[in-house]
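Fold and contact review
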Amino acid sequence: MALHWQYNDEFSFEEGESADDRLFFDQEQADDACKKLCDEFFTSSPQEFEPCWPAYDVDPDTATWDDLRSAGFPDPFYVKELST
């Protein structure tokens with residue numbers, strides 16, 4: 001699953017989610033693919049992404065992704081079991 005991000009001239013905020021177009025029958029493969037997507041997302045700095053800083057108890061000037069994630073920033077991609 002992928003979170004959708006919108007930007008409103010001040011900050012980026014989460015707005016909805018969507019399923020990836022790939023289906024994995026192996027949990028380890030799904031986790032590896034998800035980790036790769038998350039790692040790609042986190043290559044830019046949080047300052048470039050401009051999250052809603054007031055939503056997190058971090059210093060906007062020095063915060064790292066680890067700081068934001070510890071303060072509750074969600075992973076941009078996650079594995080979800082398909083159900084029928």
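Here is what the cut-offs are and how they apply
Residues numbered from 1 in each chain as written. Predicted model: local features only at pLDDT ≥ 70, side-chain atom pairs only at ≥ 80, totals over all residues. Heavy atoms only, no water. Helix = DSSP H or I, 4+ residues; strand = E, 2+ residues; numbered from the N terminus. Buried < 20%, exposed > 50% of the residue type's maximum accessible area, 1.4 Å probe, protein only. Polar contact = N/O pair within 3.5 Å; in protein donor to acceptor, adjacent residues only side chain to side chain. Phe/Tyr/Trp six-rings, centres within 6.5 Å; stacked < 30°, edge-to-face > 60°. Contact = heavy atoms within 4.5 Å.

Turning our eyes to something else, we now look at the side chain of serine 12. Relative to the helices and strands, serine 12 is located in strand β2 (residues 12-18). Residue classification places serine 12 among the buried residues on the basis of a relative accessible area of 9%. A distance of 2.7 Å separates a polar atom in the side chain of serine 12 from the backbone oxygen of phenylalanine 49.

Let us look at the packing of aromatic side chains. In this structure the tally under the stated criterion is twelve aromatic pairs. Taken together, a centroid distance of 5.1 Å and an interplanar angle of 90° make the contact between phenylalanine 41 and phenylalanine 42 edge-to-face. A ring pair is formed by tyrosine 56 and phenylalanine 73, whose centres lie 5.8 Å apart and whose planes are at 55°; its orientation type is tilted. Note that tyrosine 56 is positioned in the loop between α2 (46-49) and α3 (65-70) and phenylalanine 73 in the segment after α3, a separation of 17 residues in sequence. The residues tyrosine 56 and phenylalanine 73 share a single accessibility class, namely buried. In textbook terms, an aromatic cluster arises when at least three aromatic residues are bridged by ring pairs, as seen for Trp5, Phe41, Phe42, Phe49, Tyr56, Trp65 and Phe73.

Before going further, it helps to examine the environment of aspartate 75. With respect to the helices, strands and loops of the structure, aspartate 75 is situated in the segment after α3. Through-space distance from the C-alpha of aspartate 75 to that of glutamate 50 is 15 Å; in sequence the pair is 25 residues apart. Setting aside residues up to four positions removed in sequence, aspartate 75 forms contacts with Leu3, Cys38, Phe42 and Arg69. Of the polar contacts made by the side chain of aspartate 75, one reaches the side chain of arginine 69; its length is 2.4 Å.

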